[in-house]
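Working through the structure, step by step
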Amino acid sequence: MTTGLIQEVNKQVANWTVLYVKLHNYHWFIKGKHFFTLHEKFEALYDEAATIIDELAERILSIGGKPIGTLKECLATASIKEASGTEGEAEMVKAILTDFTTLTDELKTAIGLAEQAEDQGTADILLGIQKSLRKHMWMLQSFLG
């Protein structure tokens, strides 16, 4: 398997791990008139993130790579940034929308590498994640108006 593909999928593991923690932060610290809606949405998103992290890490192992397994490695590799802890509800939603846009863009590269390596299994996993992200992006954008 190509090293480039494993590196790109590992970047996704790192991004989703940082996002998992960020979504917990938002879930715990959300305040405002949309508390109930966003509290539940953030929980659903971090549950989905946990599933994605596991699926990607196991895929890396199955194609002969080693998934990133520490927070230090995740923070050094990820393009997603941690929550500041000062965001209001609209800022939280905008940050997640920005993160999902970043992930979607980076997934294009990973999907291309998977297709070049004729690794349809990895490409399918990545396409499924991309499809889910696009739906979430539409919903978050609609929430913001």
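Residues numbered from 1 in each chain as written. Predicted model: local features only at pLDDT ≥ 70, side-chain atom pairs only at ≥ 80, totals over all residues. Heavy atoms only, no water.

Further remarks concern unusual backbone geometry. Trans is the prevailing form of peptide bonds, just as negative phi is the prevailing case for residues other than glycine. Of note, the phi angle at glutamate 118 is positive, near 55 degrees, even though the residue is not glycine. Following the sequence through the fold, glutamate 118 ends up in the loop between helix H4 (89-116) and helix H5 (120-144). Owing to a relative accessible area of 74%, glutamate 118 belongs among the exposed residues under this scheme. (Helix = DSSP H or I, 4+ residues; strand = E, 2+ residues; numbered from the N terminus. Buried < 20%, exposed > 50% of the residue type's maximum accessible area, 1.4 Å probe, protein only.)

In this structure the tally under the stated criterion is four aromatic pairs. Ring geometry for tyrosine 26 against phenylalanine 42: centres 5.8 Å apart, planes inclined by 55 degrees, an arrangement best described as tilted. Of the two residues, tyrosine 26 is situated in helix H1 (residues 3-29) and phenylalanine 42 in helix H2 (residues 35-62); the sequence distance between them amounts to 16 residues. The burial state of tyrosine 26 is the same as that of phenylalanine 42; both residues are buried. Ring geometry for phenylalanine 35 versus phenylalanine 36: centroids 5.1 Å apart, planes at 80 degrees, classification edge-to-face. (Phe/Tyr/Trp six-rings, centres within 6.5 Å; stacked < 30°, edge-to-face > 60°.)

The next point concerns the packing of H1 against H5. Interaxial distance between H1 and H5 falls to 12 Å at its minimum, and their mutual angle equals 35 degrees. As for the relative orientation of H1 and H5, their crossing is left-handed in sense. Contact residues: H1 offers Leu5, Val9 and Trp16, while H5 offers Thr122, Leu126, Ile129 and Leu133. Residue classes in the contact of H1 with H5 are distributed as six nonpolar, one polar and no charged. (Axes fitted to C-alpha atoms, helices over the stretch in contact; angles between N-to-C directions. Left-handed = near helix turned anticlockwise from the far one by under 90°. Contact = heavy atoms within 4.5 Å. Nonpolar A, V, L, I, M, F, W, Y, C, P; charged D, E, K, R; others polar.)

Further remarks concern the side chain of glutamate 8. As for its position among the elements, glutamate 8 is in helix H1. Here glutamate 8 occupies a buried position and makes no salt bridge, while the nearest side chain of opposite charge, lysine 11, is found at 5.3 Å. Ignoring any residue separated from it by four or fewer positions in sequence, one finds glutamate 8 in contact with Glu106, Thr109, Ala110 and Leu113. (Lys, Arg positive; Asp, Glu negative; His and termini not counted. Salt bridge = Lys/Arg side-chain N within 4 Å of Asp/Glu carboxyl O.)

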